[in-house]
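What follows is each chain in one-letter form.
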Amino acid sequence: MPDFALEETSGGPVAGIDEAGRGPWAGPVVAAAVILDPLSLPAGLDDSKTLTAARRGDLYRRLLGCAEIGVGAASVREIEELNVLQATLAAMARALAALPRRPTTALVDGNRAPDLPCRVETVVRGDSRSLSIAAASIVAKVTRDGIMARLAARYPGFGWERNAGYGTAEHRRALARLGTTPHHRRRFAPIRAILEC
C-alpha cells in the first residue's frame, strides 16, 4: 500500500503527479497533480488500477473536498505531433501549473520527468508507493473516464463509456464497422493499419 514517507522526507508542500491514457487508441492523455493535507488523508487511497470504478469515484469526490488538485491534458493532435511521451509530459506540466500554489517538490510517477518549476523526483511504480501519486492517479483516471464517457455519447458504437478508448475487441469491431473519428490516434499502429486497408 502507498504511504506518506516520500512526502514527509521532501519538505514543504509536495505534489504527486500521475497520468491516465497513454495507451488507448482514442482520446486525450490526462494528468493530475495533487497536494494532500497530511492531517486529512482519505482512507483507502491506492493505485487507481487496483480500485473499482465505484471506489475510485468515491475517493475522487473526497479528494475534491480535502486536497489541492490541478488537472492538465494533451489532445490527440498533440499526441500525434509530439508523440505520446512528450504529450504526457506536457499534460503533467499543465497539471502542476493548474494547482492553486506551487509545491516545493513534485513526485512524478515513472522514470521520466517533465520540466517543472520545482524540485522533481521520479518514482517508479509511484502510484503504489506514494499517497500523493496514488491520489493523482485516481483524479487523472476518473477525469479521463468522464471525458471518454461524454465522447461516447457523441460517437456511439465504440464502447468508450466502458473501454475508455483502449483497444478492446469491441473497439476493434467498431473501427472495422464505423471507421475512425477525430478522436482516434491515427499514428498508433492498430489505427494506422485500419486506415491503410
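Residues numbered from 1 in each chain as written. Predicted model: local features only at pLDDT ≥ 70, side-chain atom pairs only at ≥ 80, totals over all residues. Heavy atoms only, no water.

(A) Structural view of the pattern of salt bridges. Evaluation of the coordinates by the stated rule reveals eleven salt bridges. Its salt-bridge partner being Asp-127, residue Lys-49 comes within 3.0 Å of it at the nearest N-O pair. Residue Lys-49 is located in the loop between β2 (29-36) and α2 (53-66), and its partner Asp-127 is located in the loop between β5 (119-123) and α5 (131-154); the two are separated by 78 residues in the primary sequence. For Asp-127, a relative accessible area of 5% gives the class buried. Arg-162 serves as the salt-bridge partner of Glu-170, at 2.3 Å between the closest nitrogen and oxygen. According to the relative accessible area criterion, Glu-170 is partly exposed, its value standing at 24%. In this structure Arg-162 comes out as exposed when scored by relative accessible area, which is 58%. Among the ionic contacts, a cluster of salt bridges with common partners joins Asp-47, Lys-49 and Asp-127. (Salt bridge = Lys/Arg side-chain N within 4 Å of Asp/Glu carboxyl O. Helix = DSSP H or I, 4+ residues; strand = E, 2+ residues; numbered from the N terminus. Buried < 20%, exposed > 50% of the residue type's maximum accessible area, 1.4 Å probe, protein only.)

(B) Structural detail: the sheet that holds strand β1 (residues 14-20). With respect to topology, five strands assemble into an open sheet ordered β3-β2-β1-β4-β5, the strand pairing being mixed. With one partner strand each, in any of the chains shown, β3 (67-74) and β5 form the two edges of the open sheet. Averaged over all adjacent pairs, the angle separating strand axes in this sheet is 20 degrees, with direction ignored. In the packing of α2 onto the sheet, contacts are made with β2 and β3, and the angle to β3 comes to roughly 115 degrees. (Pairing = 2+ DSSP bridges. Axes fitted to C-alpha atoms, helices over the stretch in contact; angles between N-to-C directions. Contact = heavy atoms within 4.5 Å.)

(C) Here's a closer look at the environment of Leu-116. Take Leu-116: it is sitting in the loop between β4 (105-109) and β5. Between the C-alpha atoms of Leu-116 and Ala-97, which are 19 residues apart in sequence, the distance is 8.7 Å. When neighbours within four sequence positions are excluded, Leu-116 is seen to be in contact with Ile-17, Met-92, Ala-93, Leu-96, Ala-106 and Val-108.

(D) Quick look at the packing of aromatic side chains. Applying the stated rule across the entire model yields two aromatic pairs. With a centroid separation of 5.1 Å and 20 degrees between ring planes, the pair formed by Phe-158 and Trp-160 is classed as stacked. Counting every residue linked through ring pairs, the aromatic cluster contains Tyr-155, Phe-158 and Trp-160. (Phe/Tyr/Trp six-rings, centres within 6.5 Å; stacked < 30°, edge-to-face > 60°.)

(E) Region of the structure containing the packing of α2 against α5. Put simply, α2 and α5 touch, their axes get as near as 9 Å, and they point 110 degrees apart. The orientation of α2 relative to α5 falls into the category roughly perpendicular. Judged by residue contacts, Arg-56, Gly-57, Leu-59, Tyr-60 and Leu-63 of α2 engage Ala-135, Ile-138, Val-139, Lys-141, Val-142, Thr-143 and Asp-145 from α5. Looking at the contact of α2 with α5, its residues break down into seven nonpolar, two polar and three charged. (Parallel < 35°, antiparallel > 145°, perpendicular 65-115°, else oblique. Nonpolar A, V, L, I, M, F, W, Y, C, P; charged D, E, K, R; others polar.)

The analysis is restricted to geometry; functional conclusions fall outside its scope.
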